[in-house]
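Coordinate inspection notes
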Amino acid sequence: MADEFVLDTPVVRSFIADVRAAIERSSSPEDACERIRPRFAELLADDGWLPAEYQAPVPESGMGGGIGQWLLFRAGDGSLSLFALVVPSCSATPVHDHLAWGLVGLYRGTQDEEIYEAAAGGLRLAESRALERGDFYALLPPQNDIHRVRTTSAGDSVSIHLLTNDTGCVWRHSYDPESGATHAFRSG
Ligand SMILES: [Fe+2]
């Protein structure tokens, strides 16, 4: 399959080209994340590149809560994807994983992020952090991979995800934080 630029603009093309060059030069996922950081920060600070239609919630969303997941780019070989996740005010994602390393950062609104760890008989809340515009973090599974985000702003939050899989299409997991029970899902 060929690469798919759903949002086919010079900004997205040059970002993806720089990301691929950084990954090629890197010795590990940690190293790649470090090399990508400056470009990712630039993308989060740029007000002009993401059209309003990719910052809109989806009332009938498969993820519930009006959450919208908007694909912007995916590699033909499934090795990389870029998407915007829109979480309406007061909504939260289920506890979920990504199963791939990458960077996630906030573009609009504010969020609380809760990171979980596997513990005897279920999941344990390991860390909770408040995110503002421009804040971002590296996901390096199994580290930090199980989490949930909740929008704390009066308006929708929009986060930008750069992940090294075709996140919308792979089977991954949602979790019941009390029992630790997992449920396979594809976010679409
Ligand atoms: Fe996530």
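Below: a short report on this structure. (Residues numbered from 1 in each chain as written. Predicted model: local features only at pLDDT ≥ 70, side-chain atom pairs only at ≥ 80, totals over all residues. Heavy atoms only, no water.)

**Some points on the side chain of serine 157**
Relative to the helices and strands, serine 157 is located in strand β10 (residues 157–163). For serine 157, a relative accessible area of 0% puts it in the buried group. There is a polar contact of 2.7 Å between the side chain of serine 157 and the side chain of threonine 151. Leave out the neighbours within four places in its chain, and serine 157 touches Leu85, Val86, Val87, Leu106, Arg108, Gly109, Thr110, Gln111 and Thr151. (Helix = DSSP H or I, 4+ residues; strand = E, 2+ residues; numbered from the N terminus. Buried < 20%, exposed > 50% of the residue type's maximum accessible area, 1.4 Å probe, protein only. Polar contact = N/O pair within 3.5 Å; in protein donor to acceptor, adjacent residues only side chain to side chain. Contact = heavy atoms within 4.5 Å.)

**Topic: the coordination of the iron ion**
Around the iron ion, the protein supplies His96 (NE2), His98 (NE2) and His147 (NE2) as donor atoms, at distances of 2.1 to 2.3 Å. Under the relative-accessibility criterion, histidine 147 is labelled buried at 1%. (Donors = N, O, S within 2.8 Å, 3.2 Å for Na, K, Ca; no water.)

**Section: the sheet that holds strand β2 (residues 68–74)**
One open sheet holds the six strands; their spatial order is β1-β2-β3-β10-β5-β8, and the pairing between them is antiparallel. Of all strands in the sheet, those with a lone pairing partner are β1 (4–5) and β8 (136–139), marking the two edges. Of the strand pairs in this sheet, strand β5 (residues 102–108) and β8 are connected by four bridges, and their pairing is antiparallel. By the bridge assignment, glycine 102 is partnered in β8 with leucine 139. Against the sheet, helix α2 (residues 29–45) makes contact with β5, β8 and β10, and its axis sits at roughly 15 degrees relative to β5, the strand it touches most. (Pairing = 2+ DSSP bridges. Axes fitted to C-alpha atoms, helices over the stretch in contact; angles between N-to-C directions.)

**Details of the pairing of strand β3 (residues 81–87)**
Burial runs high along β3: seven of the seven residues are buried. The two faces of β3 match: Ser81, Phe83, Leu85 and Val87 on one face and Leu82, Ala84 and Val86 on the other face are all buried. Pairing between β2 and β3: six bridges, direction antiparallel. Across the sheet, the residue bridging to arginine 74 is serine 81, located in β3. The antiparallel pairing of β2 with β3 creates a hairpin that spans six residues between the two strands, and glycine 78 there sits at a positive phi of about 75 degrees. Across seven bridges, the pairing between β3 and β10 is antiparallel. Among the inter-strand pairings, phenylalanine 83 is bridged to a residue of β10, identified as histidine 161.

**A short note on α2**
Here α2 is 17 residues long and its end C-alpha atoms lie 23 Å apart, about the 24 Å a rise of 1.5 Å per residue gives. Of all the bends in α2, the largest measures some 45 degrees and sits at arginine 37, one to four residues before the proline proline 38. Buried residues along α2 sit in contact with α1 (10–25), β5, β8 and β10. (Expected span 1.5 Å × (residues − 1). Bend = angle between axes of the 7 residues up to and from the residue.)

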